[in-house]
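Okay, here's what each chain looks like letter by letter:
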Amino acid sequence: MKLFSTYFLLVLGLVLAVSALGCRTTLPEKSTDLLHSVQQRDQIIVGTKYDSPPFGYLDKDGQLKGLEVELAHEIAKRLLGDPNKVKFVQVNSSTRVAALNARHVDFVLATMTITPERKQVVNFTEPYYKSAQAIMVRENSGITSINDLADKRVNYVIGTTGEANLKKVLPKAKLLGFKSNTEAFSALSAGRADAFSQDDSILYGFLHEHCDVKVLPDRISEEPYGIAFRKDARSKPLQDAIQKILDDMAKEEYLQGLRQKWVRPAPPTVCAL
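Now for a look at the structure at hand. (Residues numbered from 1 in each chain as written. Predicted model: local features only at pLDDT ≥ 70, side-chain atom pairs only at ≥ 80, totals over all residues. Heavy atoms only, no water.)

1. A word on the pattern of salt bridges
Summed over all chains, the structure comprises 14 salt bridges. Here glutamate 252 ties to arginine 78 by a salt bridge, and the two come within 2.8 Å at their closest N and O atoms. One end of the pair, glutamate 252, is in the loop between helix H8 (236-251) and helix H9 (254-262); the other, arginine 78, is in helix H3 (residues 67-80), and 174 residues separate them in sequence. (Salt bridge = Lys/Arg side-chain N within 4 Å of Asp/Glu carboxyl O. Helix = DSSP H or I, 4+ residues; strand = E, 2+ residues; numbered from the N terminus.)

This is the structure:
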């Protein structure tokens, strides 16, 4: 009888343990949904760049501004009812995927071009902006087209699509990789490179701050920007919600308004004086 009681208690304990384990694996389902987590937190956490005018940059007062910064605020407004319910985390081209997959951010909004290779690692929304890879040179360099750069020093930013594209069109050029747009531009400005290749919309940002540079008319490739999410089922509801917001913005021509406000191809008139 004593042996039976012991056996009964052991079996009962195992049943209760399995039951409890089953509860733990099913109850948190909602809490692991990223959209639900964002709503509970009442804030979105966005990875963005701080060195890529006009998309994300610090102005002279140290305030974060730009097209993607304003877009993130509008997403927070439409998703959570308040444009200020957004926290920005600084990323660059070489750290943005790592920050995303390490769950330091909910999504990445950082001039990230949609490519087949990147689609193997992250999920993208439809493009919210379409850029094109271009080349910037010093005004007095004598360089007028991409053909003049065959054996020259050309900067690019590590982690972008720029390097692979440059190797195709300038196989004999000396390619110099930098961690940020600011570093790459500084090297060009100081004469340590002959050209800086990056998306034209980013180069336009530097063009509006410096009168001693110009953007060549050549374009190397199209660069559609998308918002990047982790490649897991838990991120899908938030991605779907933000895609719906982007679709609405496109219909309302809000995205077109952002482009007109922030991306100005022509240099300021002061440079012509």
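There is more to say after this.
2. Focus on helix H2 (residues 34-41)
For H2, the complete set of buried residues consists of Leu34, Leu35 and Val38. Buried residues along H2 cover an arc of 105° about the axis, so they all sit on one side. Lining the buried residues of H2 we find strand E1 (44-48), H3, strand E14 (228-230) and H8. The N-cap residue of H2 is aspartate 33: its side-chain oxygen and the backbone nitrogen of leucine 35 are 2.8 Å apart. Once H2 ends, the next one or two residues include aspartate 42, with phi positive near 65°. (Buried < 20%, exposed > 50% of the residue type's maximum accessible area, 1.4 Å probe, protein only. Arc of directions from axis to C-beta. Contact = heavy atoms within 4.5 Å. Polar contact = N/O pair within 3.5 Å; in protein donor to acceptor, adjacent residues only side chain to side chain.)

3. Here's the deal with the packing of H3 against H8
At their nearest, the axes of H3 and H8 sit 11 Å apart, and the two run at 110° to each other. The orientation of H3 with respect to H8, classified from their angle, is roughly perpendicular. Contacts between H3 and H8 involve Leu71, Glu74, Ile75, Arg78 and Leu79 from the first element and Leu238, Ala241, Ile242, Ile245, Leu246, Asp248 and Met249 from the second. Of the residues in the contact of H3 with H8, the class split is nine nonpolar, no polar and three charged. (Axes fitted to C-alpha atoms, helices over the stretch in contact; angles between N-to-C directions. Parallel < 35°, antiparallel > 145°, perpendicular 65-115°, else oblique. Nonpolar A, V, L, I, M, F, W, Y, C, P; charged D, E, K, R; others polar.)

4. Overview of the nonpolar core
Counting residues in hydrophobic clusters, the biggest one holds 51 residues, and the most contacted among them are Ile44, Leu71, Phe107, Tyr128, Ile227 and Leu238. With eight residues, the single largest contributor to this core is H3. Excluding anything up to four places from it in sequence, leucine 71 contacts Leu109, Tyr128, Leu246, Met249, Tyr254, Leu255 and Leu258. Counting residues in each nonpolar core, the second largest holds 13 residues, with Ile135, Leu149, Leu170 and Ala195 among its members. (Core = buried A, V, L, I, M, F, W, Y, C linked by side-chain atoms within 4.5 Å.)

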